[in-house]
Amino acid sequence: MRTLSEHILDIVQNSISANATLIEIIVEEDKINDLCCLIINDNGCGMDKETLVKAVNPFFTSRTTRKVGLGLPLLKQNAEASGGSFSLASELNSGTRLTATFKLSNIDRPPLGDIWETLYLLLLSYKKGNLVYLHKTSLGEFSLSSDELREVLGDVSFQQKEIRHGILELIKSNLEDIKAIK
């Protein structure tokens, strides 16, 4: 995975598989301390202590369709390679919290990528709960909630061309306004 957006997509898919009804994605940029922090919280089924320890092993997966699970190990590797850190906390029947930090100036820090496309895909595929995205910089913050979008749009499909364009433009322009990383 080359971008934070790809990591986010992978981790959120895990949260969806864990039957989460609330998934929070938080990106905090701190240029003064040269850090970018990615936090993903969910209220899914969580992991027991044994599974939590194995979760960052690339040769472990709880999925039956494959024999390796590279998402978490790759995110951990990318965070540590960029001078950052990685932590994973989970409690059975309560949810999971992932935190990955990256040195902003480190050449090995993955770029944010096309987060607007990733969020749009997640909005389309995640209908059982609320997906919340929060991006903070020193210039402000931008937040997006799937519940709020559904409330505003009513029965209008996110797949309609005008709606898709509007959602993508909303995300892009707000991230530009707060000078989010690329």
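Refer to the structure above for everything that follows.
These figures come from a predicted structure and were not determined experimentally.

Colleague: Before we go on, may I ask you to explain the pattern of salt bridges in this structure?
Modeller: In a structure, side chains of opposite charge can pair up when their charged atoms sit close to one another. Using the criterion set out here, one finds 5 salt bridges in the structure. Among the ionic pairs, Lys-136 bridges to Glu-28, the shortest N-O distance being 3.7 Å. In this pair, Lys-136 sits in strand S5 (residues 130-137) while Glu-28 sits in strand S1 (residues 22-30), placing the two residues 108 residues apart along the sequence. The exposure class of Glu-28 is partly exposed, given its relative accessible area of 29%. Asp-147 is the partner of Arg-150 in a salt bridge, and the nearest nitrogen-oxygen pair spans 3.0 Å. Remark: Asp-147 and Arg-150 occur in helix H5 (residues 146-153); sequence separation between them is 3 residues, near one turn of the helix.

Colleague: Which parts of the structure should I look at to understand the nonpolar core?
Modeller: Across soluble globular proteins, nonpolar side chains have a tendency to be buried as a group. Of all hydrophobic cores here, the largest spans 45 residues; its most connected members are Ile-25 and Tyr-133. The biggest single contributor to this core is helix H4 (residues 115-125), with 6 residues. Tyr-133 has contacts with Ile-25, Val-27, Ile-115, Leu-119, Phe-142, Ser-143, Leu-144 and Leu-175, leaving out every residue within four places of it along the chain.

Reading the values: rules and limits
All residue numbers refer to position in the chain's written sequence, counted from 1. Where totals are concerned, whole chains, interfaces and linings use all residues; where local detail is concerned, this predicted model gives features only for residues with pLDDT of at least 70, and gives and counts side-chain atom pairs only at 80 or more. With hydrogens and water excluded, all non-hydrogen atoms of the structure serve as input to the side-chain values. We count a salt bridge whenever a side-chain nitrogen from Lys or Arg sits within 4 Å of a carboxyl oxygen from Asp or Glu. A run of H or I in DSSP becomes a helix once it reaches four residues, and a run of E becomes a strand once it reaches two; helices and strands are each numbered from the N terminus. Working definition: with a 1.4 Å probe on protein chains only, accessible area under 20% of the residue-type maximum means buried, over 50% means exposed, and in between means partly exposed. Put simply, buried Ala, Val, Leu, Ile, Met, Phe, Trp, Tyr and Cys residues joined by side-chain atoms within 4.5 Å make one nonpolar core. Contacts are residue-level and defined by heavy atoms, with any inter-residue pair within 4.5 Å sufficient.

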